[in-house]
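Given next are the chains, with one letter for each unit.
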Amino acid sequence: MKKTTWLATAALTSLMACSVAHASPAPKDPKKHTPQELYVDAKETIEMMKKDPKVILVDVRTPEEWQFVGNTEAAQIMIPSVIFKYDQMDAKKPRYRSINNDKFVSELEDKAAELGADETSTYVLMCRSGSSRAQPAAKMLWQYGYKNVYIMTDGFEGSKTKEGDKKGFRLVNGWKNSGAQWSYHIDPKKAYFYK
């Protein structure tokens, strides 16, 4: 009996060590934390997906971003967590106003089911820079029992450079700058259509 308990403890410790190996630090701003408290960067996401092909990368950016900024075929699910409304500007930021995609969770569940996944599967949410849309999406999923949801902390485009002639460009980290595959081509089978 003691041997079984020891083996179970060793297996659990080993599993926890693997999980920690993929853990990026939580964002400094507590407002950007998620209930799951699971964070990885683009390179860690790539490694996770190599080690476990069942990990699902979800691109929560908009169809406009996929088309004009780029996307990756590694994303098995492409569903915007917010939708931009082109009827007026945002009151706080110099951009069009956005609203939550109220179909996000149900559409993700449908796509996940097509992949043989459910709320117990492991997901990595990717937005532009790591938190503005992935974090609220993780909170929505938490309410529906999704506990294994990671946030890609550097997002698709990565962080802005702080100095030099490229200051302000998103050239630091992120999927685009990790050496991973990406393109401007959108797979018609994964394309998102507003309904």
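For the structure itself, consult the block above.
Since this is a predicted model, take the numbers as computed values, not measurements.

Rules used in this analysis
- Residues numbered from 1 in each chain as written.
- Predicted model: local features only at pLDDT ≥ 70, side-chain atom pairs only at ≥ 80, totals over all residues.
- Heavy atoms only, no water.
- Salt bridge = Lys/Arg side-chain N within 4 Å of Asp/Glu carboxyl O.
- Helix = DSSP H or I, 4+ residues; strand = E, 2+ residues; numbered from the N terminus.
- Buried < 20%, exposed > 50% of the residue type's maximum accessible area, 1.4 Å probe, protein only.
- 1 Å grid on protein atoms, 1.4 Å probe; cavity = no way out; pocket = protein on both sides within 12 Å on 5 of 7 lines; lining within 4 Å.
- Points joined across faces, edges and corners; volume = space filled by probe spheres on them.
- Nonpolar A, V, L, I, M, F, W, Y, C, P; charged D, E, K, R; others polar.
- Core = buried A, V, L, I, M, F, W, Y, C linked by side-chain atoms within 4.5 Å.

### A look at the pattern of salt bridges
Under the counting rule described, the total for this entry stands at five salt bridges. In this structure, the salt-bridge partner of Lys50 is Glu47, at a minimum N-O distance of 3.7 Å. Of this pair, Lys50 and Glu47 both sit in helix H2 (residues 42-51), three residues apart, which is roughly one turn of the helix. Exposure remark for Glu47: the relative accessible area of 35% places this residue in the partly exposed category. Between Arg133 and Glu65 there is a salt bridge whose closest N-O contact spans 2.6 Å. Of this pair, Arg133 sits in the loop between strand E6 (123-126) and helix H5 (134-142) while Glu65 sits in helix H3 (residues 63-68), and the two are 68 residues apart along the sequence.

### Side note on the layout of surface pockets
Taking a probe equal in size to a water molecule and rolling it over the atoms shows the remaining empty space. Taken as a whole, the largest pocket encloses approximately 790 Å³ of empty space. When contributions to the lining of the largest pocket are tallied by element, the ones reaching two or more residues are strand E4 (82-89) and strand E8 (159-160). Partitioning the lining of the largest pocket into residue classes produces seven nonpolar, eleven polar and eleven charged.

### As for the nonpolar core
Phe104, Tyr123, Leu125 and Trp175 are the most contacted members of the largest nonpolar core, which has 40 residues in total. Elements supplying a minimum of two residues to this core: strand E1 (39-40), H2, strand E2 (56-59), strand E3 (75-78), helix H4 (104-114), E6, H5 and strand E7 (149-152). In terms of residue count, H5 provides more of this core than any other element does, five residues in total.

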